[in-house]
Amino acid sequence: MMQAINFLQFASKFAKNFTTGSDDYILLDVVIDSRKIQSGSKTLFVALNGSRYSGWEFAEDAYSKGVRNFILPEDCPDPILKSLEQANILLSPSPLRELQELAQLNRDNFAGPVIGITGSNGKTIVKEWLAQVLSSKYDVWKSPKSYNSQIGVALSSLGISQQHQVAVLEAGISAPNEMNALAQIIQPQLGIFTNIGSAHDEYFLDSTAKIREKCLLFKNVKYLIYRKDQSLLSQYLEKNFDPSVLVSWSDEPGGDYVLSIKPHNNGSKIFLIGNDFQTHTFITPFKDQASLENVRHVITAALSLGMKPDVIQQGLGLLLAVDMRLTLKSGINGSKLIDDSYNNDLAGLEIALEFMSQQITTTGRKILILSEMQQVGNEKAVFQKIAWLLEHYEIDLFIGVGKGYLGFQSLFTPESIFYDSTEVLLKSLDILSLSNDLILIKGARAFQFENIVQKLEALAHETILEINLNALRHNFIHYRQKLKPGTKMMVMVKAFAYGGGAAEIGNYLQEIGADYLSVAYTDEGVFLRNNGITLPIMVMNPGSYHLDLLLDKALEPVVYNLDQLKSLADGLKDITGMLSVHLELDTGMRRLGMSENDLDEAIKILQQAENLKISGIFTHLAGADEAVHESFSLQQLASFERSSSKIIQETGCQPIRHCLNSAGIIRYPKYSFDMVRLGIGLYGIEVNQLEQDKLQPAMTLKTVVSQVKKLKKGETIGYGRKGEMANEGEVATLAIGYADGYDRRFSNGKAKVLIKGQMAPIIGNVCMDMCMVDVTGLQVTEGDVAILFGNKPSIIELAANIGTIPYELLTGIGPRVKRQYILD
Ligand SMILES: *Cc1c(COP(=O)(O)O)cnc(C)c1O
């Protein structure tokens, strides 16, 4: 909830595009998603265009929920405007611009300091940690999750309200000319430039150009914090900013604050030597370089704001060496957990509930375990909002933890359960009798909800395939941007979504705007339907048709030969209901499909078939990923154009035509027809190797070190004694083997794994459940995490090393490996 804004005043400067119709013009809330409107009064609806809809499409829904203030795009049709007759409406060429202006206004009305954070890495973590540390002394507002884009920053700023004392906002850019708009909204007094890395390099001339753009955020700061030993960055800042503004820290003497590191127990000690030669020590649970950099930015910022070192230490003590991303994992008794145990505020709760609503479980309950809020201000309003969210998101069981709920329990449904503390809840978890339920666990740091997660998590053997949903979305959008607007996107989720998990990925694709899904076999389609997928689904190889099942589950089989077509046409005569099918034409792949010679007969059958709808016609390219096959591919496409046009002409059907797989979208976007079929590219693998740098790897396979051994020169390792120590050294045993899909051809150095930031080669043969790596000199200990593939090593290189393709490695990952889905 923001500070009050008078919409009449705000909009009056646009007089000729502003019409009034309501007295309800004092705004306390701005929404861009009509589904999230609680009570429409005092609310402004800003209609932003999406990639497949116009914002005004949801204006009437907002109106019916009581909204009387609107910013709509200029092209909003008259009938819609008429139906909003008792509303105040501002028509704008760019509703986003207006949203940003409102955000700026809300920022202008805020007296407290605003901290603005940007940089290539660590923005979100630094923001979260700094907010955590500051909140021991102040009422803090921070951007929800990683809301750092053009829309995200505006919404973040609109969340600042009267009672806050300090705001921490992050800004992210990916291309030139984006920062100015964000800077005008945030107007930070204190800036943090986390670091400069290679992200988004393709859009900038060089690193200096990128630094210059990011620095626009800091035009008017009083203090700017940076790391002195990042030479490129500090050179730039020291040349372009007044020395009185700059506050640096460094490892070695040189910076304004010297913050050096020593290992300590399982984490690190940070020594601060101040200008006054006073020393202080901070204890943190972190060992890795990235976290230690982030935490030192936080310490420097808190010191600059005048916090005392011992108060800062108290706040740091609550930070955890865990990742703060929302994670979907398997729980006990077939349940699923959404672990968001890192922090708790209303904005974050809504995001988590939204994510929960995308995970459709058919059998179980939706349960929310929620601690008290860190939110300040009107307590009753906060609890009322929580109660409304529970109803809106159809939570079956609510469990509130913390004494703060006392006195407000009557706002919740009678089945709700309340506990004074996490300890009491931990003792009572049995009464939940979980079975196939979906549980969101969200708590403020101090409640230590990770203990609940630990108890409810299914026993894993700690080998995990992590699927990054943000990366999936990034890749999806990259492919969509290649196509002309309006082209539909089918996503191939055959083979368990290339190993990633068909139900979860299917649900997410449904959310981010895929138009179609496709599987290889009927039972895969049935599985998707049973997991709540409502998108159209094409089944490529349905075998002998089970008409009842196909109709019942609304699956669209592929018809790829004449006999099939005949028997299908016969079978459909005695049936009520329409069956939608896709015709597959073989234009050169020689796998499935009708040939050009079959066309005349096929058309005859189609002209007479009842209850049969041709919803698609398609073909598949045999060599889309290689330039040498270009003329063959173009022949295939020409043949497809000919044959499909003929079918359309002679039967009068209006099918969706589709030809291109991931490689084809990159190489032949002109031939996308009405729809494309995205597969491997969704996971961040560009098989042409033309645009790999534009994608983000979405799958990371990781495991843990079970044991470390010191071995002498000449000792042999594993079955057949194939590994041998060239020198004295250490070998670590990892909890993954070929039964998990870690290919046996990786034996004897054909693959390396990433441990402690370094690459360690496989030594000896890969076993069924384990394998060994040479970790000589890497100081590896039991329990350390090893990355088998991800950002590094890349699955593309690994596949090449053993003469196969990434598809085989991904789809081979065994059922024993737990899939976890993260959203940051
Ligand atoms: C698997 C498949 C795709 C997707 O291929 P990718 O190379 O993974 O993009 C597209 N069309 C058909 C017919 C397929 O079988």
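Since this is a predicted model, take the numbers as computed values, not measurements.

1. Looking at the sheet that holds strand 7 (residues 88-92)
Okay, step 1: Taken together, the five strands give an open sheet; going across it, the order is 2-7-6-5-4, and neighbouring strands pair in mixed fashion. Two strands bound the open sheet, and with one partner strand each, they are strand 2 (18-19) and strand 4 (29-31).
Okay, step 2: In this sheet, strand 7 lies alongside strand 6 (residues 69-73) in parallel orientation, the contact comprising five bridges. Bridging from a neighbouring strand, Ile71 pairs with Leu90 of strand 7.
Okay, step 3: Each of strand 4, strand 5 (43-46), strand 6 and strand 7 touches helix 4 (residues 95-108); the most contacted strand, strand 6, lies at about 140° to it.

2. Some remarks on the pattern of salt bridges
Okay, step 1: For the structure on display, the rule yields 34 salt bridges.
Okay, step 2: Residues Arg97 and Glu101 are paired through a salt bridge, measuring 4.0 Å at the closest nitrogen-oxygen approach. Note that Arg97 and Glu101 are positioned in helix 4 at a spacing of four residues, about one turn of the helix.
Okay, step 3: When its relative accessible area of 32% is taken as the criterion, Arg97 is described as partly exposed.
Okay, step 4: A salt bridge links Lys442 to Asp340; its shortest N-O distance comes to 3.0 Å. In this pair, Lys442 sits in strand 22 (residues 438-442) while Asp340 sits in strand 18 (residues 336-340), placing the two residues 102 residues apart along the sequence.
Okay, step 5: Of the residues examined, Lys442 reaches a relative accessible area of 0% and is grouped as buried.
Okay, step 6: Residue Asp340 is classed as buried on the basis of its relative accessible area, which comes to 2%.

3. Some thoughts on the nonpolar core
Okay, step 1: Ile386, Leu509, Leu734, Tyr742 and Val753 are the most contacted members of the largest nonpolar core, which totals 143 residues.
Okay, step 2: Ranked by the residues each element gives to this core, the list is headed by helix 13 (residues 379-392), at seven residues.
Okay, step 3: Excluding anything up to four places from it in sequence, Ile386 contacts Leu346, Leu349, Leu370, Met373, Phe398 and Phe412.
Okay, step 4: Among the nonpolar cores identified, the runner-up in size contains 49 residues, and Phe18, Ile71, Ala171 and Phe218 belong to it.

4. Structural notes on the environment of Gln184
Okay, step 1: Tracing the backbone through its elements, the reader meets Gln184 in helix 7 (residues 179-186).
Okay, step 2: Linking Gln184 and Met373, residues 189 residues apart in sequence, is a C-alpha distance of 30 Å.
Okay, step 3: Residues contacting Gln184, with those up to four places away along its chain left out, are Arg97 and Gln104.

5. Here's the deal with the UniProt feature "binding site: substrate" (unreviewed entry) in the protein
Okay, step 1: The UniProt record marks Arg591 and Met768 with the feature "binding site: substrate" (unreviewed entry), using the residue numbering of this structure. Annotated residues spanning 178 residues; largest pairwise C-alpha distance 33.8 Å, indicating distribution over more than one region.
Okay, step 2: Discounting residues that sit within four places of it in the chain, Arg591 has contacts with Asp586 and His620.
Okay, step 3: Within the secondary structure, Met768 sits in the loop between strand 37 (758-761) and strand 38 (771-774).
Okay, step 4: Each residue touching Met768, except ones within four places of it in the same chain, is listed here: Gly737, Tyr738, Ala739, Asp740 and Arg816.

6. Description of the sheet that holds strand 14 (residues 257-264)
Okay, step 1: One open sheet holds the nine strands; their spatial order is 9-10-8-11-12-13-14-15-16, and the pairing between them is mixed. In the strand order of this sheet, the two ends are held by strand 9 (140-142) and strand 16 (279-284), each with one partner. The average undirected angle you get between the axes of adjacent strands in this sheet is 20°.
Okay, step 2: Where strand 13 (residues 246-250) lies against strand 14, two bridges are found, and the strand directions are parallel. Looking at the pairing, Ser250 lines up with Val258 of strand 14.
Okay, step 3: Sheet strands in contact with helix 5 (residues 123-134) are strand 8 (114-118), strand 9, strand 10 (166-170) and strand 11 (190-193), and its direction is about 170° off that of strand 10.
Okay, step 4: This element, helix 10 (residues 289-304), spans strand 11, strand 12 (223-227), strand 13, strand 14, strand 15 (267-273) and strand 16 of the sheet and lies at about 155° to strand 12.

Rules used in this analysis
- Numbering of residues begins from 1 in every chain and follows the order in which that chain's sequence is written.
- Only residues with pLDDT of at least 70 get local features here, since the model is predicted, and only at 80 or more are side-chain atom pairs given and counted; chain-wide, interface and lining totals rely on the full set of residues.
- Excluding hydrogens and water, the side-chain values take into account all heavy atoms of the structure.
- Paired strands, as defined in this entry, are two strands with at least two bridges between them according to DSSP.
- Helix and strand definitions follow DSSP, with helices as H or I runs of at least four residues and strands as E runs of at least two, each counted in order from the N terminus.
- Contact between two residues is taken to exist if any of their heavy atoms lie within 4.5 Å; hydrogens are not considered.
- Between the N-to-C directions of two axes lies an angle of 0 to 180 degrees, each axis being a line fitted to C-alpha atoms and, for a helix, fitted only over the stretch in contact.
- The salt bridge criterion pairs a side-chain nitrogen of Lys or Arg with a carboxyl oxygen of Asp or Glu, the two atoms within 4 Å.
- Buried means the residue's accessible area, taken with a 1.4 Å probe over protein chains only, is under 20% of the maximum for its type, while exposed means over 50%, and partly exposed covers the values in between.
- For the purposes of this section, nonpolar cores are sets of buried Ala, Val, Leu, Ile, Met, Phe, Trp, Tyr and Cys residues that join through side-chain atoms within 4.5 Å.
- UniProt positions are given in the numbering used here, feature names are shortened, and annotations may be inferred rather than shown by experiment.

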